[in-house]
Amino acid sequence: MIIRTKINEEPKLVEVSLDDIDNEPFLDGVWDLDGQELSLSEEEEEQVLSDAIEEVVSRRYDLAIERWEDEQ
């Protein structure tokens, strides 16, 4: 999934892979748009994970609204 986030205080588009263990999400990988895996500090990882979770929730919310509107 491609998300907007901040790395080194700069806005970036990155591709992320999320996974979970016992329903606790974690980043499985983060890449730039050229496919290079990024090495992040713990703080940057937390920010990217937070932004990725927010994006997933937003997409699911949007999808739920679309389905509800289709049913009306």
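Residues numbered from 1 in each chain as written. Predicted model: local features only at pLDDT ≥ 70, side-chain atom pairs only at ≥ 80, totals over all residues. Heavy atoms only, no water.

**Student:** Can you walk me through the sheet that holds strand S2 (residues 10–21) in this structure?
**Tutor:** Strand-to-strand pairing in sheets goes through backbone hydrogen bonds, with the strands running parallel or antiparallel. Reading across from one edge, S1-S2-S3 is the order of the 3 strands in this open sheet, with antiparallel pairing throughout. Of all the strands in the sheet, just strand S1 (2–7) and strand S3 (24–31) have a single pairing partner and so form its edges. Along the sheet, successive strands turn relative to each other by an average axial angle of 55°, direction set aside. Examined bridge by bridge, S1 and S2 share 6 bridges and lie antiparallel to one another. (Pairing = 2+ DSSP bridges. Helix = DSSP H or I, 4+ residues; strand = E, 2+ residues; numbered from the N terminus. Axes fitted to C-alpha atoms, helices over the stretch in contact; angles between N-to-C directions.)

**Student:** How do you make sense of a nonpolar patch on the surface when you look at a structure like this?
**Tutor:** A cluster of nonpolar side chains, contributed by Ile2, Leu13 and Leu33, occupies part of the molecular surface with about 280 Å² of accessible area. Secondary-structure assignment places leucine 33 in the loop between S3 and helix H1 (42–71). (Patch = residues over 30% accessible without salt bridge, like charges linked within 9 Å, V, L, I, M, F, W, Y side chains within 5 Å. Areas by Shrake-Rupley, 256 points an atom, 1.4 Å probe, with all protein chains shown as cover. Salt bridge = Lys/Arg side-chain N within 4 Å of Asp/Glu carboxyl O.)

**Student:** Would you explain the pattern of salt bridges in this entry?
**Tutor:** Should their charged atoms come close, side chains of opposite charge can pair. Across all of its chains, the model carries 2 salt bridges by this definition. The shortest N-O distance in the salt bridge between lysine 12 and glutamate 10 comes to 3.9 Å. Using a relative accessible area of 37% as the deciding quantity, one classes lysine 12 as partly exposed. Here glutamate 55 ties to arginine 59 by a salt bridge, and the two come within 2.8 Å at their closest N and O atoms. One end of the pair is glutamate 55 and the other is arginine 59, both in helix H1 and 4 residues apart, which spans about a single turn. (Buried < 20%, exposed > 50% of the residue type's maximum accessible area, 1.4 Å probe, protein only.)

**Student:** Please clarify how the nonpolar core should be interpreted in this entry.
**Tutor:** Counting residues in hydrophobic clusters, the biggest one holds 10 residues: Ile3, Ile7, Val14, Val16, Leu27, Val30, Leu40, Val48, Leu49 and Ala52. Of all the secondary structure elements, the ones that give two or more residues to this core are S1, S2, S3 and H1. For this core, the leading source of residues is H1, giving 3 residues. In this structure, leucine 27 is in contact with Val16, Ser17, Leu18, Glu45, Val48 and Leu49, ignoring residues within four places of it in sequence. (Core = buried A, V, L, I, M, F, W, Y, C linked by side-chain atoms within 4.5 Å. Contact = heavy atoms within 4.5 Å.)

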